[in-house]
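Spelled out from the first residue to the last, the chains are:
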Amino acid sequence: MRIVLVGPPGAGKGTQAAFLAKNLSIPHISTGDLFRANISRQTELGKLAKSYMDAGNLVPDEVTIAMAKDRMEQPDALGGFLLDGFPRNVSQAEALDEMLKTEGLKLDAVLDLEVPDEEVVKRIAGRRICRNDSSHVYHVSYKAPAQEGLCDECGGELYQRDDDAEDTVRKRLEVYHTQTEPIIDYYKGQDLVVTISALGKVDEVTQRAMEALKREGDE
Ligand code: AP5
């Protein structure tokens, strides 16, 4: 399957993507994680991306689209993928359509995770991430690690993202509503959107997501 996951910052895209990608046996491709990997390796792309990310803005389309395309062309993604955080505006959605069309491929579904802004702020304020593996995500109240500050899975140090300060989160939400939400209408025009509530326990949301994707696949 080729799936796009869309939702505000802190909706739980990364959390759900880890389970969904495993269940569906497709790679989880997160442009945010790709940028963060470049930042920790101190590449030129990482330096450029950091200045935009720290301000809560989108990284320019040209570099983002090239990076996403390169990742989608890797052998593990040829049979399908779960995109998390890409596309993030209508130009990126058009570029993705163009890429897929060239290969004679198309998306199967766009899973839209709905969460009110105030819940987003709470989720992000408490988020902690493992330095060794950014797919190991915790929350100080909702998903606390057994030992404070350490990852349950690998013992790595847990840290708070630079762009998770409350002011930056509010800016990211504004960017989401103005630039990213319009892709939902864009994909509604292709009859690809399935919307679910991302409130409730993580496993309840995963179950809702799997059922919605199954219904979409059966149609
Ligand atoms: P990115 O890394 O994609 O961040 P985001 O979209 O803002 O989303 P987050 O990672 O903050 O949240 P999430 O929805 O994955 O939630 P999570 O599962 O962690 O992008 C960062 C930046 O990179 C952007 O601002 C931009 O600058 C740049 N960028 C990336 N892609 C780009 C693109 N295509 N174009 C241009 N720029 C781009 O969950 C959040 C917290 O909530 C966690 O602590 C988790 O444990 C907890 N949680 C999850 N689910 C639940 C639940 N059901 N109940 C309670 N708590 C929960």
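Conventions used here
- Residues numbered from 1 in each chain as written.
- Predicted model: local features only at pLDDT ≥ 70, side-chain atom pairs only at ≥ 80, totals over all residues.
- Heavy atoms only, no water.
- UniProt positions renumbered as here; feature names shortened; annotations may be inferred.
- Helix = DSSP H or I, 4+ residues; strand = E, 2+ residues; numbered from the N terminus.
- Buried < 20%, exposed > 50% of the residue type's maximum accessible area, 1.4 Å probe, protein only.
- Contact = heavy atoms within 4.5 Å.
- Disulfide = S-S within 2.5 Å.
- Salt bridge = Lys/Arg side-chain N within 4 Å of Asp/Glu carboxyl O.
- Phe/Tyr/Trp six-rings, centres within 6.5 Å; stacked < 30°, edge-to-face > 60°.
- Lys NZ or Arg CZ within 6 Å of the ring centre and 35° of its normal.
- Pairing = 2+ DSSP bridges.
- Axes fitted to C-alpha atoms, helices over the stretch in contact; angles between N-to-C directions.

An unreviewed UniProt entry annotates the protein chain as Adenylate kinase of Streptomyces ruber. Quoted verbatim from the Subunit (unreviewed entry) field of the UniProt record, the comment on the protein chain reads "Monomer." As stated in UniProt under Function (unreviewed entry), the record for the protein chain gives "Catalyzes the reversible transfer of the terminal phosphate group between ATP and AMP. Plays an important role in cellular energy homeostasis and in adenine nucleotide metabolism."

## Here's the deal with the UniProt feature "binding site: ATP" (unreviewed entry) in the protein chain
As recorded in UniProt, the feature "binding site: ATP" (unreviewed entry) lies at G10, A11, G12, K13, G14, T15, R127, V137, Y138 and G200. Relative to the assigned elements, G12 resides in the loop between β1 (2-6) and α1 (13-24). What makes G12 buried here is its relative accessible area of 16%. By relative accessible area, T15 is classed as partly exposed at 26%. Among residues more than four places away in sequence, those in contact with T15 are V137 and V202.

## Re the state of the cysteines
For the coordinates displayed, the defined rule picks out zero disulfides. No disulfide involves C130; its nearest neighbouring cysteine sulfur is the one of C154, lying 3.5 Å away. Judged by its relative accessible area of 2%, C130 is buried. Since its relative accessible area comes to 38%, C154 is described here as partly exposed.

## Overview of the pattern of salt bridges
Throughout the structure, instances matching the rule amount to 16 salt bridges. The partner of R131 in a salt bridge is E157, and the shortest N-O contact between them spans 3.0 Å. Taken together, the positions of R131 in the loop between β5 (127-130) and β6 (137-139) and E157 in the loop between β6 and β7 (158-159) put the pair 26 residues apart, joining distant regions of the chain. Using a relative accessible area of 44% as the deciding quantity, one classes E157 as partly exposed. A salt bridge links R172 to D163, with the shortest nitrogen-to-oxygen separation between them at 3.7 Å. This pair shows no difference in class: R172 is buried, exactly as D163 is.

## Comments concerning the packing of aromatic side chains
What the rule picks out here adds up to one aromatic pair. Taking 5.2 Å as the distance between ring centres and 75° as the angle between the ring planes, the aromatic pair formed by Y186 and Y187 counts as edge-to-face. Y186 sits in the partly exposed class, given a relative accessible area of 22%. The aromatic ring of Y159 is capped on one face by R131, whose charged end is 4.3 Å from the ring centroid. Here the basic side chain of K143 rests over the ring of Y138, its NZ or CZ set 4.8 Å away from the ring centre.

## Looking at the pairing of strand β4 (residues 109-114)
Here β4 lies mainly inside the structure; five of its six residues are buried. With four bridges joining them, β1 and β4 adopt parallel strand pairing. Among the inter-strand pairings, L5 is bridged to a residue of β4, identified as L111. Examined bridge by bridge, β4 and strand β8 (residues 193-197) share five bridges and lie parallel to one another.

## Some thoughts on the environment of G79
With respect to the helices and strands, the residue G79 is situated in the loop between α4 (61-72) and β3 (81-84). Looking at G79, the relative accessible area reads 61%, which means it is exposed. Spatially, the C-alpha atom of G79 lies 8.3 Å from that of R2, the residues being 77 residues apart in sequence.

## A word on the sheet that holds strand β2 (residues 28-30)
Pairing is parallel across the open sheet formed by five strands, whose spatial order is β2-β3-β1-β4-β8. Strands at the two margins of the open sheet, each flanked by one partner only, are β2 and β8. Strand-to-strand twist of the sheet, defined as the mean angle between neighbouring strand axes without regard to direction, takes the value 20°. Summarising the sheet, β1 and β3 pair through four bridges and their orientation is parallel. Across the sheet, residue I3 finds its bridge partner in β3, namely L82. Packed on one face of the sheet, α1 meets β1, β2, β3 and β4 and runs near 175° to β3.

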